[in-house]
Amino acid sequence: MPVLEATSSRLLTELCGARAQGDELFSVLTPEAMYLRPIAERHRVIFYLGHLDGFDSIQICREGLGQKSPDPGLDDLFQAGIDPDAGQLPKDTASDWPSVEQVKAYVERCRRRVDDSLEQVPEEAVQMALEHRLMHLETLAYMFHNFPFDSKRAPRTYNPALTGGADRANEWRAIPGGEAVLGQRRGASFGWDNEYGEVRSQIPEFRVQRFPVSNGEYLQFVRAGAALPHFWIQKDERLFHRGMFAEIPLPLDGPVYVTELEAEAYAAWLGKRLMSEGEFHRAAYGTPSGENRPYPWGVSPPSHEHGNFDFKAWDPESIYATPAGDSAFGVSQLVGNGWEWTSTPFGPFPGFEQRPSYPGYSSNFFDNEHYVLKGGSSRTAARLLRPSFRNWFRRDYPYLYGKFRCVDR
Ligand SMILES: [Fe+2]
């Protein structure tokens, strides 16, 4: 495996950037909120403060280089997150955890040890640590989203992009039959275990909605009797989108954030269905000429003109905001502004192998209870927008930034 040399400064810059992004994220919480648990199935926030850097030092220094840790007890405490079955919620109390000062001192020790070791470890270990942190920055944003507004201090730059604009009727795009390429070849570039094994499949032609289903469209479904999505708040007769730091009058042209079950029910109500993982690839990366491209808009690196991702905003933006990111078949916002639910249960590609340094990363979730999401949200880092990257959640999990669109049966 290549040892960090020419790429070390780029990776180190990315790692420092991700650390700073995380420090900024934690700083929006009031001190009391650090010991709260806004999502019943997840750890208290304080765990994550120690986990991001504890993970790095465990993977890079202890496991990667065989160094003895000065903090074995704290390493144990901060090593792994949780995803319990319903009815088996965590029972720890706030007083079971060390003080913020103690955890911050642990974080500093971890960072120093990691920085001193970077030159000696395989590049893959650093990429893994970096992406692990970036993924947590997104799931932490979901968690912080669920804190009451008085537990958070909005950054001075906070300015919700959604202003209650109008929506128009969704359009349909025809996607001709052709080859979708899922996953990537082993050894091609960094990826998580579930991305490996390149799968080429023929996707028959289908028709798909050009835009993600908007709040305005979903409102019709609610009026027909469906329940309010988690991200909606009703006050008397008025509806709001639950923003990160404020309630926003329901923007009819924003993507509706829902669970996979809600998305499926909406599609069935219209007489339609959700996209499969293969159909997503075809619509997003396919072209009329048959070649596949790394991004819906082509080959240029992701920029905020192409979509709402890479920490562009704290909330979704209008589904009409980024036509520069349309795919070759004219489908908008497949990447960014919310992950796209698919109808595909999360599972391994042929030849799946666990990564020895992180064996349960994916295989703990091959249970037909978790569904694949593709694309990315406003809080998804640019490096996770590669086509082979796969996200997954329980189909009834309401807290993620998950949108969808319909396919003609
Ligand atoms: Fe983790």
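What counts, and where the lines are drawn
- Residues numbered from 1 in each chain as written.
- Predicted model: local features only at pLDDT ≥ 70, side-chain atom pairs only at ≥ 80, totals over all residues.
- Heavy atoms only, no water.
- Buried < 20%, exposed > 50% of the residue type's maximum accessible area, 1.4 Å probe, protein only.
- Helix = DSSP H or I, 4+ residues; strand = E, 2+ residues; numbered from the N terminus.
- Donors = N, O, S within 2.8 Å, 3.2 Å for Na, K, Ca; no water.
- 1 Å grid on protein atoms, 1.4 Å probe; cavity = no way out; pocket = protein on both sides within 12 Å on 5 of 7 lines; lining within 4 Å.
- Points joined across faces, edges and corners; volume = space filled by probe spheres on them.
- Nonpolar A, V, L, I, M, F, W, Y, C, P; charged D, E, K, R; others polar.
- Lys, Arg positive; Asp, Glu negative; His and termini not counted.
- Salt bridge = Lys/Arg side-chain N within 4 Å of Asp/Glu carboxyl O.
- Polar contact = N/O pair within 3.5 Å; in protein donor to acceptor, adjacent residues only side chain to side chain.
- Contact = heavy atoms within 4.5 Å.
- Pairing = 2+ DSSP bridges.
- Arc of directions from axis to C-beta.
- Axes fitted to C-alpha atoms, helices over the stretch in contact; angles between N-to-C directions.
- Parallel < 35°, antiparallel > 145°, perpendicular 65-115°, else oblique.
- Phe/Tyr/Trp six-rings, centres within 6.5 Å; stacked < 30°, edge-to-face > 60°.
- Lys NZ or Arg CZ within 6 Å of the ring centre and 35° of its normal.

## Some points on helix α8 (residues 277-285)
And step 1. For α8, the tally of buried residues reaches nine of nine residues, placing the bulk of the element in the interior.
And step 2. Along α8, the residues that are buried comprise E277, G278, E279, F280, H281, R282, A283, A284 and Y285.

## Quick notes on the coordination of the iron ion
And step 1. Distances from the iron ion to its protein donors, H51 (NE2), H132 (NE2) and H136 (NE2), fall at 2.1 to 2.2 Å.
And step 2. Mapped onto the sequence, the donors of the iron ion take the spacing H-x80-H-x3-H. Of the two residues, H132 and H136 both sit in helix α5 (residues 123-145), four residues apart, roughly one turn of that helix.
And step 3. For H132, a relative accessible area of 4% gives the class buried.

## Here's the deal with empty space enclosed by the protein
Any empty space left between the atoms is revealed when a probe the size of a water molecule rolls over them.
And step 1. For the coordinates displayed, the defined rule picks out one cavity of 30 Å³ or more.
And step 2. There is about 40 Å³ of room inside the largest cavity.
And step 3. Among the residues forming the lining of the largest cavity, the class breakdown is five nonpolar, one polar and two charged.

## Digging into the side chain of E138
And step 1. Considering the arrangement of structural elements, one finds E138 in helix α5.
And step 2. Within the buried set, E138 has no salt-bridge partner at all; the shortest N-O distance to an opposite charge, 8.0 Å, is to R379.
And step 3. Polar side-chain contacts of E138 include one of 2.5 Å to the side chain of Y142.
And step 4. For E138, the residues in contact, after removing those within four places along its chain, are W339, S377, R379 and T380.

## Points about the pairing of strand β10 (residues 370-374)
And step 1. Among the five residues that make up β10, five are buried, leaving the element largely enclosed by the rest of the structure.
And step 2. Where strand β9 (residues 339-345) and β10 come together, three bridges link them in antiparallel fashion. Pairing of E340 across the sheet is with K374, part of β10.

## Some points on helix α7 (residues 260-269)
And step 1. Taken residue by residue, α7 has E260, A263, Y266 and A267 as its buried positions. Seen end-on, α7 carries its buried residues on one side only, within an arc spanning 125°.
And step 2. In the segment just after α7, G271 is the residue with positive phi, at about 80°.

## Observations regarding the side chain of S378
And step 1. Assignment of secondary structure puts S378 in the loop between β10 and β11 (391-394).
And step 2. Within polar-contact distance, the side chain of S378 engages the backbone oxygen of A313 at 3.3 Å.
And step 3. Residues within four places of S378 in sequence aside, it is in contact with N308, F309, D310, F311, K312, A313, W314, D315, N337 and G338.

## Some thoughts on the packing of helix α2 (residues 45-64) against α5
And step 1. Between α2 and α5, the least distance of the axes is 9 Å, while the angle of their chain directions is 170°. Taken together, the axes of α2 and α5 are roughly antiparallel relative to one another. Of α5, the residues touching α2 (which contributes V45, Y48, H51, L52, D53, F55, D56, Q59 and I60) are A125, V126, M128, A129, H132, R133, H136, L137, L140, M143 and F144.
And step 2. Looking at the contact of α2 with α5, its residues break down into 13 nonpolar, four polar and three charged.

## As for the environment of R42
And step 1. Looking at the secondary structure, you find R42 in the loop between α1 (8-26) and α2.
And step 2. Spatially, the C-alpha atom of R42 lies 24 Å from that of A227, the residues being 185 residues apart in sequence.

## Looking at the packing of helix α6 (residues 215-223) against α7
And step 1. Taken N-terminus to C-terminus, the directions of α6 and α7 make an angle of 80°; their axes are 11 Å apart at the nearest point. What the angle tells us is that α6 and α7 run roughly perpendicular. For the pair α6 and α7, the contacting residues are E217, Y218, Q220 and F221 in the first and E262, A265, Y266 and W269 in the second.
And step 2. A breakdown of the residues in the contact of α6 with α7 according to their chemical character gives five nonpolar, one polar and two charged.

## Observations concerning the packing of aromatic side chains
And step 1. Here the structure, examined in full by the defined rule, presents 38 aromatic pairs.
And step 2. Taking the centre distance of 6.1 Å and the plane angle of 50° together, the rings of F144 and F147 count as tilted. No difference in accessibility class separates F144 from F147, as the two residues are buried.
And step 3. Where F346 meets F366, the ring centres are 5.1 Å apart and the plane angle is 50°; that geometry is what we call tilted. Of this pair, F346 sits in the loop between β9 and α9 (360-363) while F366 sits in the loop between α9 and β10, placing them 20 residues apart in sequence.
And step 4. Each member of the aromatic cluster is reached from another via a ring pair, and the members are F55, F190, W192, F346, F352, Y358, Y361, F365, F366 and W392.
And step 5. In this structure, K152 packs its charged tip against the face of F245, placed 5.8 Å from the ring centre.
And step 6. The ring centre of F349 lies 4.1 Å from the NZ or CZ of R390, which sits over that ring.

## Some points on the sheet that holds strand β6 (residues 238-242)
Consider a sheet: its strands pair through backbone hydrogen bonds, and that pairing is either parallel or antiparallel.
And step 1. Spatially, the three strands line up as an open sheet ordered β5-β6-β7, and their pairing is antiparallel. For this open sheet the edge positions go to β5 (232-235) and β7 (247-249), each flanked by a neighbour on one side alone. Sheet twist, expressed as the average angle between the axes of neighbouring strands with direction ignored, equals 40°.
And step 2. Pairing of β5 with β6 involves four bridges; the strand directions are antiparallel. Bridge pairing links W232 to H241 in β6.

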